Amino acid sequence: MENDSKIPILPKVRVKGRRSVLNHPREKVSVFIRYSFLKVADINTQKEQFCADVFIQAKWREPALDNKKAVDPDTMNWDEYWKPKLVIENATEIMKEKKWYLIEFDATGKATILQRRRLRANFIENLELEEFPFDVQALSVTVTSHRSDTEVELLEDTDQASTIQMDSFKDASEWHLYKHVDISKKVTTKEYTNSKYKYSVILGSCFAVRKYGFFLWNVLLIMLFICSLGLCTFSVSVVLPQNRLQLSFTLVLTIVAFKYVINQSLPKISYLTYLDIYVLVSLTMLFLICCWHSVLSQLQEFGFSESTQYWADKYGLYSFAVLYVIFHIIYITGITVKNVRRRVDLRNAEKKHKARVLAESLEAADRVDPVGDGPQSYRIRASFPQMTRGRSIRPLDLDNGNSPTRSAAVIISNPARMM
């Protein structure tokens, strides 16, 4: 009896396909992620963040539920089953979040769990501002897992495209939003864990192009006028350098004050933007004009004649004017070429996305069957195209008004609307 008392008590483990919560050994699981940007708003350049309402779906195979079509997802204890432990990595302030689960079965009875969540939050985004104000920003929602990449691999859901709703975009006056979502993945490490472990990360990104009209008319054009006034100082007599310098210094101080105002709309970054380059070139132009006026006034002190001083002043004016025009040609050409290439790539990606969505819509239309005796009644064989090629799905929660997207079978009055 004494020996029996020393026998350790083993934890209870569920049998018949249902695994225990306690570190059940499992092979590497592929988790497929799909994004839907329901609303994008408040793209804040200075704070480098944006607000979005996002729907995220993750799905993975669950052998423990195979052939168990009688289970009810609303009454199940999901803690008893394996989960990928997903987390939204770049969400800073989650204002609202809802998460629920569904189960899908194929024709052979194999089960797939769908984890769906909808959240409204502020997301951190490391904005690339080198091309400001002609920049294109990728607004990303980053999903990762607390499990290492030896346990979980996050992949794009290739059976159904990620989407974005354009009607609810709130910053249309400042940004143009493209109609496609790009999915990319990477592997990273976490500072607070063992460095030998790596973690799978997947990013869903929508693309916003800044409308540069405000900066073109209110900054660049005014800066062009201010700097061009520096050439007007050559109209003052060459024998009055003090008047020339006074006017030039006033213009320099004006640009410095203007630059300070511009910096208020940008974060403190360590590199130059396109707008910074234009302002600094204009400031350099006025600086060189000031130096030229100072040197020109001393030519007669070094033995040059008044005629030489006069022609040197004329050549100086022409040289500054030509250099300023050449700078604008290079500046405008460089911006135009780079931005046209970037926007062509985005438009091509948008066309591919539209073609993919159209193909999925046509495939969904092929799975529409008439039901009942009425000529206008139809049933979709499956409302989840990414999991239903040639398979049947058990309807779930058709009468639940809280989550209308949770049903796997939907009655529609007009199948043409699916297009």
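This text goes with the structure placed above it.
Residues numbered from 1 in each chain as written. Predicted model: local features only at pLDDT ≥ 70, side-chain atom pairs only at ≥ 80, totals over all residues. Heavy atoms only, no water.

*Asks:* Sorry if this is basic, but what is going on with the overall build of the protein chain here?
*Replies:* What the protein chain contains, in helices and strands, is five helices and 13 strands. Residues counted as buried form 43% of the 419 residues belonging to the protein chain. (Helix = DSSP H or I, 4+ residues; strand = E, 2+ residues; numbered from the N terminus. Buried < 20%, exposed > 50% of the residue type's maximum accessible area, 1.4 Å probe, protein only.)

*Asks:* It is not clear to me how a positive patch on the surface should be interpreted in this structure. Could you clarify?
*Replies:* A contiguous patch of positive charge on the surface is contributed by Lys179, Arg347, Lys351 and Lys354. Looking at the positive patch element by element, the count peaks at three residues for helix H5 (residues 306-366). (Patch = residues over 30% accessible without salt bridge, like charges linked within 9 Å, V, L, I, M, F, W, Y side chains within 5 Å. Areas by Shrake-Rupley, 256 points an atom, 1.4 Å probe, with all protein chains shown as cover. Salt bridge = Lys/Arg side-chain N within 4 Å of Asp/Glu carboxyl O. Lys, Arg positive; Asp, Glu negative; His and termini not counted. Charge placed at Lys NZ, Arg CZ, Asp CG, Glu CD.)

*Asks:* Is there a simple way to explain the side chain of glutamate 125 in this structure?
*Replies:* Within the secondary structure layout, glutamate 125 lies in the loop between strand S5 (111-124) and strand S6 (136-145). At a separation of 3.0 Å, a polar atom in the side chain of glutamate 125 contacts the main-chain amide nitrogen of serine 140. (Polar contact = N/O pair within 3.5 Å; in protein donor to acceptor, adjacent residues only side chain to side chain.)

*Asks:* Any chance you could explain the environment of histidine 176 here in plain terms?
*Replies:* In this fold, histidine 176 is placed in strand S9 (residues 175-188). By relative accessible area, histidine 176 is classed as partly exposed at 40%. Between the C-alpha atom of histidine 176 and that of valine 136, which follows or precedes it by 40 residues, the distance is 9.3 Å. Other than its neighbours up to four places away in sequence, histidine 176 contacts Phe207, Ala208, Val209 and Lys211. (Contact = heavy atoms within 4.5 Å.)

*Asks:* Could you clarify how one ought to interpret the nonpolar core in this entry?
*Replies:* Across soluble globular proteins, you tend to see nonpolar side chains buried next to one another. Counting 45 residues, the largest nonpolar core has Val31, Tyr35, Phe37, Val54, Ile56, Phe123 and Val141 as its most contacted members. Broken down by element, the residue count for this core peaks at seven residues, all from strand S1 (residues 29-44). Setting aside residues up to four positions removed in sequence, valine 54 forms contacts with Tyr35, Ser36, Phe37, Arg117, Arg118, Leu119, Phe123 and Val141. (Core = buried A, V, L, I, M, F, W, Y, C linked by side-chain atoms within 4.5 Å.)

*Asks:* Can you help me understand the state of the cysteines in this one?
*Replies:* What we call a disulfide is simply a covalent bond connecting the sulfur atoms of a pair of cysteines. Scanning all chains against the criterion turns up zero disulfides. Left without a disulfide partner, cysteine 290 is nearest to the cysteine sulfur of cysteine 291, which lies 6.9 Å away. (Disulfide = S-S within 2.5 Å.)

*Asks:* Can you help me understand the sheet that holds S9 in this one?
*Replies:* Pairing between the strands of a sheet comes from backbone hydrogen bonds, and it takes one of two forms, parallel or antiparallel. Reading across from one edge, S3-S6-S10-S9 is the order of the four strands in this open sheet, with antiparallel pairing throughout. With partners counted over all chains shown, the strands left at the sheet margins are strand S3 (86-88) and S9, one partner each. Strand after strand, the sheet turns through a mean of 25° between neighbouring axes, direction not considered. The pairing of S3 with S6 spans three bridges and is antiparallel. (Pairing = 2+ DSSP bridges. Axes fitted to C-alpha atoms, helices over the stretch in contact; angles between N-to-C directions.)

*Asks:* What's the story with a nonpolar patch on the surface in this structure? I'm lost.
*Replies:* A cluster of nonpolar side chains, namely Tyr310, Trp311, Tyr315 and Tyr318, defines an oily patch on the protein surface of about 520 Å² accessible area. Position of tryptophan 311 among the secondary structure elements: in helix H5. A relative accessible area of 46% places tryptophan 311 in the partly exposed class.

*Asks:* Looking at this structure, how should I read unusual backbone geometry?
*Replies:* In most cases, non-glycine residues show a negative phi, while peptide bonds are predominantly trans. In this structure, proline 133 follows phenylalanine 132 across a cis peptide bond, with omega equal to 5°. Mapped onto the elements, proline 133 comes out in the loop between S5 and S6. Despite not being glycine, aspartate 42 shows a phi value in the positive range, around 55°. Here aspartate 42 lies in strand S1. You will see that lysine 85, though not glycine, has its phi angle at about 55°, which is positive. Among the residues examined, lysine 85 registers a relative accessible area of 45% and is labelled partly exposed.

*Asks:* What is the right way to read the packing of helix H2 (residues 213-232) against helix H4 (residues 274-296) from this model?
*Replies:* A pair of packed helices can be characterised by two numbers: the angle between their axes and the separation between those axes. At a closest axis distance of 9 Å, the pairing of H2 and H4 adopts a crossing angle of 10°. Judged by the angle between their axes, H2 and H4 are roughly parallel. Judged by the sense of rotation from one axis to the other, the crossing of H2 with H4 is left-handed. Counting all contacts with H2, which are made through Phe215, Val219, Leu220, Met223, Leu224, Cys227, Gly230 and Leu231, the residues of H4 involved are Leu275, Tyr278, Val279, Ser282, Met285, Leu286 and Ile289. Of the residues in the contact of H2 with H4, the class split is 13 nonpolar, two polar and no charged. (Parallel < 35°, antiparallel > 145°, perpendicular 65-115°, else oblique. Left-handed = near helix turned anticlockwise from the far one by under 90°. Nonpolar A, V, L, I, M, F, W, Y, C, P; charged D, E, K, R; others polar.)

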